[in-house]
Amino acid sequence: MKVLHLISGGETGGSKNHLISLLQQFNKEEVMLGVFQEGKLSKEARELGLPVVLFGQSSRYDFSVLKKIKTLIKEQNITIVHTHGPRANLFTYFLRKQINFKWITTIHSDPSKDFIKGGVKGKVFTWLNMKVLKEIDYFFAVSNRFKEMLVEFGLDSKKIFVIYNSIPFDEVYEQKITREDLCLKETDFLIVMVARLHPIKGHELAFKSIKDLSNQGYNQVKLLLIGDGPIGNELKQKVDQLELSEKIKFLGYQKDVHSYLALSDVKLLASYSESFPLVILEAARAETPVISTDVGGVKDLISEKRFGWVVPVGEVDGITNAIKEAIEDKKNGVLKEKAFQLKDRAIKEYSLQRLHNDTYSTYLKIKDEN
């Protein structure tokens, strides 16, 4: 059995980290990573010694790469093509008309919202994205909620396998950044958001919450934003409009996410939609408590208040109240206990060994099905 993982290559967040962690668990003779474009994903994969093939797409509309992928599948005797994301799905849809293989895709996000705020082009891409999904053989959903969502889209539940994301918990991380480096005080209540600067991530909800807290006298609250994306300038303008430039720092893409998580008091996830956000596991590893909107499989991990806060999607008041509770918990010396309990649970239930075993056994099952 040989599996080709196909992805655009421009990813910098959870899907990148998920894929690298997964591929590292496999025999290098059994898997290959195929990317349409060079990026952080392919570079990190090569540094780790993973087999990477760059198809060199000149633009997202360059269909000449189909011939390259087809040749690779034949030469390498690929039995399963495992796609990640709309672009990989679309090109694999055309490949299937020319060559035979088993096709799996991992649903990393809500496909009906992948092109939110994309205007007319976004609506066309969403329609095309949903159409292509109906042609895929099998699906890996990273939470039970996402499996339910796919069934609501009309997909066969028997073809959907729930396989949770995982990260390594046994690695030793060096703390390379201090609050002093960022001109922050130890008395500041520091919140970190690790997310693409994209409408689906809910940054403006966080901004409104910080503004409300400031108006209520919580002047010690500061927010760090880790990540880049298409609405970066728009979000910076919003921060200026709200007069929050002293409280919110844009730090762009950072490879060393762990250090920023570890020096923060809480990790905030304000998204409107997620599958199973890896950054919550990364926060648990860094022993940082989590406040998250009720998206994807978050409640599968943070199922009780002792593990963290889960608030309604889109509600600024929910985020604000959770932050105020976290501030009070810090004063009382009990905030870290939530992080310790979250870490213990994550280590037990979201190990890389479990990810590999579940994935490999499902590959074998799919390979042998007629």
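Refer to the structure above for everything that follows.
Computed from a predicted model, the values in this text were never measured in an experiment.

Student: Give a detailed account of the packing of aromatic side chains, specifying residues and quantitative values.
Tutor: Here the distance between the centres and the angle between the planes together describe a pair of aromatic rings. Evaluated as defined, the whole model comprises 14 aromatic pairs. Between F63 and F91, the aromatic rings sit 4.7 Å apart at their centres with planes inclined by 20 degrees, giving stacked as the arrangement. Taken as a pair, F63 in the loop between β3 (52-54) and α3 (65-75) and F91 in helix α4 (residues 86-95) lie far apart in primary sequence, 28 residues in all. A relative accessible area of 0% places F91 in the buried class. Plain terms: the ring middles of F207 and F250 are 6.4 Å apart, the flat faces sit at 70 degrees to each other, and that makes the pair edge-to-face. Residue F207 is located in helix α7 (residues 203-215), and its partner F250 is located in strand β10 (residues 248-250); the two are separated by 43 residues in the primary sequence. Pairwise contacts between aromatic rings join F26, Y138, F140, F161, Y360 and Y363 into one cluster. Across the ring face of F101, the terminal group of R96 is positioned such that the distance to the ring centre comes to 5.5 Å.

Student: Report on the packing of α4 against helix α5 (residues 119-133), specifying residues and quantitative values.
Tutor: The N-to-C vectors of α4 and α5 enclose an angle of 55 degrees; their axes lie 10 Å apart at closest approach. The orientation of α4 relative to α5 falls into the category oblique. In the crossing of α4 with α5, the sense of the turn from one axis to the other is left-handed. Packed against α4, whose contacting residues are P86, N89, L90 and Y93, the element α5 presents L128, N129, V132 and L133 at the interface. Class assignment for the residues of the contact of α4 with α5 results in six nonpolar, two polar and no charged.

Student: Go over the environment of T106 with me, naming the residues and quoting the values.
Tutor: If you trace the backbone, T106 turns up in strand β5 (residues 102-107). Residue classification places T106 among the buried positions, given a relative accessible area of 4%. Counting along the chain gives 182 residues from T106 to T288, while the straight-line C-alpha distance between them is 28 Å. Residue contacts for T106: discarding those within four places in its chain leaves H82, T83, H84, F140 and V142. A polar side-chain atom of T106 sits 2.6 Å from a polar atom in the side chain of H82.

Student: Summarise the sheet that holds strand β6 (residues 138-141); cite the residues concerned and give the values.
Tutor: With parallel pairing, seven strands are arranged side by side in an open sheet as β3-β2-β1-β4-β5-β6-β7. Both edges of this open sheet fall to β3 and β7 (160-162), since each of them pairs with a single strand only. Within the sheet, the average angular offset between the axes of one strand and its neighbour, ignoring direction, is 25 degrees. As defined by bridge partners, strand β1 (residues 3-7) adjoins strand β2 (residues 31-35) across five bridges and the pair is classed as parallel. Residue pairing for β2: V3 is matched across the bridge by V31. Along the sheet, α3 makes contact with β1, β2, β3 and β4 (80-84), crossing β1 at roughly 165 degrees. In the packing of helix α14 (residues 352-368) onto the sheet, the strands contacted are β1, β4, β5, β6 and β7, and the crossing angle to β6 comes to about 170 degrees.

Student: Lay out the pattern of salt bridges with the relevant residues and their values.
Tutor: Overall, the coordinates contain 17 salt bridges when judged by the stated rule. A salt bridge links E38 to R46, with the nearest nitrogen and oxygen atoms 3.0 Å apart. Judged by its relative accessible area of 36%, E38 falls in the partly exposed class. For R46, a relative accessible area of 37% puts it in the partly exposed group. A network of salt bridges, in which partner residues are shared, links R145, D294 and K299.

Student: Give me the sheet that holds strand β8 (residues 189-194): which residues, what numbers.
Tutor: Taking strand neighbours across the sheet as the criterion, the six strands line up as β10-β9-β8-β11-β12-β13 in an open arrangement whose pairing is parallel. Two strands close off the open sheet at either side, each with one partner strand: β10 and β13 (309-311). Each strand axis lies, on average, 20 degrees off the axis of its neighbour in the sheet, ignoring direction. Taken together, the three bridges between strand β9 (residues 221-226) and β10 define a ladder with parallel strand orientation. From the neighbouring strand, L224 faces β10, where its bridge partner is K249. Across the sheet, helix α12 (residues 316-331) lies against β8, β9, β11 (266-269), β12 (290-293) and β13, angled at about 165 degrees from β13, the strand it touches most.

Student: Summarise the nonpolar core; cite the residues concerned and give the values.
Tutor: In terms of nonpolar packing, the biggest core is built from 34 residues, with L224, L281, L301 and I302 touching the most fellow members. Secondary-structure elements contributing two or more residues to this core are β8, β9, α9 (257-262), α10 (278-285), α11 (298-301) and α13 (335-349). It is α10 that contributes the most residues to this core, six residues altogether. For L281, the contacting residues outside a window of four places in its chain are N165, S166, I167, F169, F276, L301, A346 and Y350. In this structure, V81, L90, Y93 and I99 belong to the second largest nonpolar core, which totals 33 residues.

Student: Go over the environment of T79 with me, naming the residues and quoting the values.
Tutor: Its location among the elements puts T79 in the loop between α3 and β4. Once residues lying within four places of it in the same chain are set aside, the contact partners of T79 are M1, K2, F101 and K102.

Student: An account of unusual backbone geometry is needed here, citing residue identities and associated values.
Tutor: Trans is the prevailing form of peptide bonds, just as negative phi is the prevailing case for residues other than glycine. Phi at E243 takes a positive value of approximately 55 degrees, unusual for a residue other than glycine. Within the secondary structure, E243 sits in the loop between α8 (232-241) and β10. A residue is classified by how much of its surface remains accessible, and E243, at 67% relative accessible area, is exposed. In this structure, E287 is a non-glycine residue whose phi angle is positive, near 60 degrees.

Parameters and conventions
- Residues numbered from 1 in each chain as written.
- Predicted model: local features only at pLDDT ≥ 70, side-chain atom pairs only at ≥ 80, totals over all residues.
- Heavy atoms only, no water.
- Phe/Tyr/Trp six-rings, centres within 6.5 Å; stacked < 30°, edge-to-face > 60°.
- Helix = DSSP H or I, 4+ residues; strand = E, 2+ residues; numbered from the N terminus.
- Buried < 20%, exposed > 50% of the residue type's maximum accessible area, 1.4 Å probe, protein only.
- Lys NZ or Arg CZ within 6 Å of the ring centre and 35° of its normal.
- Axes fitted to C-alpha atoms, helices over the stretch in contact; angles between N-to-C directions.
- Parallel < 35°, antiparallel > 145°, perpendicular 65-115°, else oblique.
- Left-handed = near helix turned anticlockwise from the far one by under 90°.
- Contact = heavy atoms within 4.5 Å.
- Nonpolar A, V, L, I, M, F, W, Y, C, P; charged D, E, K, R; others polar.
- Polar contact = N/O pair within 3.5 Å; in protein donor to acceptor, adjacent residues only side chain to side chain.
- Pairing = 2+ DSSP bridges.
- Salt bridge = Lys/Arg side-chain N within 4 Å of Asp/Glu carboxyl O.
- Core = buried A, V, L, I, M, F, W, Y, C linked by side-chain atoms within 4.5 Å.

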